[in-house]
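# Secondary and tertiary structure notes
Read off the chains here:
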Amino acid sequence: MKDARTMAYINLFAVLGAIPYLCQLDPKSAKLITGKSVSVGFAVKGGPEATLFFGGDQCRMVPGVERCQVKLPFSSCEKFNGLIDGTVTPIPSKGFTKVGFLLGPFTKLTDRLSAFLKPEPGALSDPEFFRISTTLMFHVIAEAIAQVGNEDNIGRFSASNIVDGTVKLAIAGGPAAALCCRDHRLTAVHQVPEQFLSYMEFQGMHLARDLFDGQVNAIAAVGLGQVRIGGMIAQVDNINRILDRVAVYLA
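The following refers to the structure shown. (Residues numbered from 1 in each chain as written. Predicted model: local features only at pLDDT ≥ 70, side-chain atom pairs only at ≥ 80, totals over all residues. Heavy atoms only, no water.)

### Let's talk about the sheet that holds strand S9 (residues 227–231)
- The sheet built from 5 strands is open, its strands ordered S7-S6-S5-S8-S9 with mixed pairing. A single partner strand is all that each edge strand has here, and the edge strands are strand S7 (185–189) and S9. Ignoring strand direction, the axes of neighbouring strands in this sheet form an average angle of 15 degrees.
- The pairing of strand S5 (residues 165–171) with strand S8 (residues 198–202) spans 5 bridges and is classified as parallel. Following the sheet pairing, alanine 170 is matched in S8 by glutamate 201. (Pairing = 2+ DSSP bridges. Helix = DSSP H or I, 4+ residues; strand = E, 2+ residues; numbered from the N terminus. Axes fitted to C-alpha atoms, helices over the stretch in contact; angles between N-to-C directions.)

### Digging into the pairing of strand S1 (residues 38–44)
- Most of S1 sits out of view: 7 of its 7 residues are buried.
- Because side chains alternate across S1, one face comprises the buried residues Val38, Val40, Phe42 and Val44, and the other comprises Ser39, Gly41 and Ala43, equally buried.
- Relative to strand S2 (residues 49–55), S1 runs antiparallel, the two being bridged by 6 bridges. When the bridges of S2 are listed, phenylalanine 42 appears paired with alanine 50.
- Pairing of S1 with strand S4 (residues 70–74), which is carried by 5 bridges, proceeds in the parallel orientation. Bridged to phenylalanine 42 within S4 is leucine 72. (Buried < 20%, exposed > 50% of the residue type's maximum accessible area, 1.4 Å probe, protein only.)

### Re the environment of valine 88
- Take valine 88: it is sitting in the loop between helix H4 (77–85) and helix H5 (99–117).
- The exposure class assigned to valine 88 is partly exposed, which follows from its relative accessible area of 22%.
- Valine 88 sits 27 residues away from methionine 61 along the chain, and the two C-alpha atoms are 22 Å apart.
- Excluding its chain neighbours within four sequence positions, the residues that come into contact with valine 88 are Lys79, Gly82 and Leu83. (Contact = heavy atoms within 4.5 Å.)

### Considering unusual backbone geometry
- Even without glycine at this site, aspartate 57 takes up a positive phi of about 60 degrees.
- When you line up the elements, aspartate 57 lands in the loop between S2 and strand S3 (58–63).
- With a relative accessible area of 43%, aspartate 57 lands in the partly exposed category.
- Of note in the backbone geometry, histidine 184 takes a positive phi value of approximately 70 degrees without being a glycine.

Written out as structure tokens, the structure is:
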């Protein structure tokens, strides 16, 4: 069963949090923010808060809404999740002069993101689309592991068994990230870690995609050497337990 609050953290930090990577990877998305300078904050009552900053032809996400120009408030986690599901249309509490950005470039960005994260049949046959889609999925999943480990009851139990240190996640020839654990709280860092206690590396982009889509059994892939694990195995084991829980939320 999904917890609405955990889902809100995933939707904000993992799903909308993928927009900066979308703008880096996809030229069409990058063009949408060229010359734009605006910040959009999402404030969820009883849940997460974060701001997307657009400027210098780049995008980044920062926790909190203190410096946002446009603020989108949500009265509950369920309401915010409705934004991602397309069933809720938010009304800004400030920044009405920037509404054109929300209705134009921002909406187009979220549409592009949705197209990559939920591709139409046949779309993945295009090599460049496949690369962008799979890379975005990797970042979404890495961030979702942290959010589930911190917010979901089952995920927190697994996180309580993870010792302090860093777990490296990587796709051979593709993106890499790190899950940093401190006092049983997880933080996703979307770059190659300089040091790590353990690691999990997928053999390549196609294998990673098959795993993400549930086409390949993860345990079997480890046995076949298609997924390499090493270091402190207990760390990896508990990350895998959280990953199983992530699959429930992202299904």
